[in-house]
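# Structural overview
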Amino acid sequence: MWRNTSSGWGLTSILLHWLSALAFVGLFVLGWWMTGLGYYDDWYHLAPWWHRSLGVLVFAVTLGRLAWRALQPTPALPGSRLERLAAHLGHAALYALMLLVLVSGYLISTAEGAGIDVFGLFEVPALVSGLPRQASVAGSVHWYAALTLMLLAAGHGLAAFKHHWVDRNDTLLRMLSPRYTRARRRGGPASH
């Protein structure tokens, strides 16, 4: 089951969710680590290249994820009306922060007018460059947006655990396996 249904997430949405989570956490850790590198460190130039290259690919995946989400039904959310509203606002904030982190990273990288080399395969052109203090302002936005994204993502994960262990509903299980959703729709247990 690749597509979403009104009762559960499809495999495409599940894979995009977990790939995005892994990529954003990895980019955050790499970005934080590389800011402490000294000029003579072997990774001083290589780490930012990896960070930018991966960032461009994650940007493309994020745009694809947003398009997929717009074209697919969103499974019904359990909980009170207030919980459902909080979930919708939390998801909107996560997507907004993802885009803000990615756009600000692009603006840092293109501030001097150079494009972004993506693993030596292609270059993303510098469409915006030379703005006053572009790298500095974008760098501050990038850092604080990334930090806020990590904190909000941690809250998102804690909310999923709360749904699973406290509320005892299937919110977490639906994001782990489309097989769970199919078995639930048929009225049987999920096969693992």
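Our structure is the block above this text.
Attention in this report is confined to the structure presented alongside it. (Residues numbered from 1 in each chain as written. Predicted model: local features only at pLDDT ≥ 70, side-chain atom pairs only at ≥ 80, totals over all residues. Heavy atoms only, no water.)

## Observations regarding the overall build of the chain
Within the chain one finds 6 helices and 2 strands. Secondary structure elements in the chain, listed N-terminal to C-terminal, are α-α-α-β-β-α-α-α. In terms of its C-alpha atoms, the chain occupies a principal-axis envelope of roughly 60 × 30 × 30 Å. Across the 192 residues of the chain, 34% fall into the buried class. In the chain, the share of contacts with a sequence separation of at least 24, taken over all contacts with a separation of at least 6, comes to 65%. With an accessible surface of roughly 11,600 Å², the chain has 69% of that area assigned to carbon and sulfur atoms. With 15 positive and 8 negative side-chain charges, the chain shows a separation of 21 Å between the mean positions of the two kinds. (Helix = DSSP H or I, 4+ residues; strand = E, 2+ residues; numbered from the N terminus. Buried < 20%, exposed > 50% of the residue type's maximum accessible area, 1.4 Å probe, protein only. Contact = heavy atoms within 4.5 Å. Areas by Shrake-Rupley, 256 points an atom, 1.4 Å probe, with all protein chains shown as cover. Lys, Arg positive; Asp, Glu negative; His and termini not counted. Charge placed at Lys NZ, Arg CZ, Asp CG, Glu CD.)

## Some details on the side chain of Gln72
In this fold, Gln72 is placed in the loop between α2 (46-71) and α3 (81-109). With relative accessibility at 6%, the residue Gln72 sits in the buried group. Engagement of the side chain of Gln72 in a polar contact is seen with the backbone nitrogen of Asn4, the distance being 2.9 Å. Among all residues touching Gln72, those that are not within four sequence positions of it are Arg3 and Asn4. (Polar contact = N/O pair within 3.5 Å; in protein donor to acceptor, adjacent residues only side chain to side chain.)

## Some words on unusual backbone geometry
The phi dihedral of Arg133 falls on the positive side, at around 55 degrees, and the residue is not glycine. When its relative accessible area of 60% is taken as the criterion, Arg133 is described as exposed. Although it is not a glycine, Arg168 sits at a positive phi angle of roughly 55 degrees. Turning to its location among the elements, Arg168 is positioned in the loop between α4 (134-166) and α5 (171-174).

## Comments concerning the nonpolar core
With 15 residues, the main nonpolar core has Phe24, Val58, Met98, Val101, Leu149 and Met150 as its most contacted residues. Residue assignment for this core shows that the elements contributing at least two residues are α1 (11-34), α3 and α4. With 6 residues, the top contributor of residues to this core is α3. Not counting residues within four places of it along the chain, the set of residues in contact with Phe24 comprises Val58, Thr62, Met98, Leu102, Leu149 and Met150. (Core = buried A, V, L, I, M, F, W, Y, C linked by side-chain atoms within 4.5 Å.)

## Looking at α4
Because an α-helix completes one turn every 3.6 residues, residues spaced three or four positions apart along the sequence face the same direction. Over its 33 residues, α4 extends 46 Å from the first C-alpha to the last, a length consistent with the 48 Å expected when each residue adds 1.5 Å. Among all positions of α4, only Gln134, Ala138, His142, Ala145, Ala146, Leu149, Met150, Ala160 and His163 are buried. If you follow the buried residues of α4, they end up packed against α1, α2, α3 and α5. In the stretch just after α4, Arg168 is the one whose phi turns positive, near 55 degrees. (Expected span 1.5 Å × (residues − 1).)

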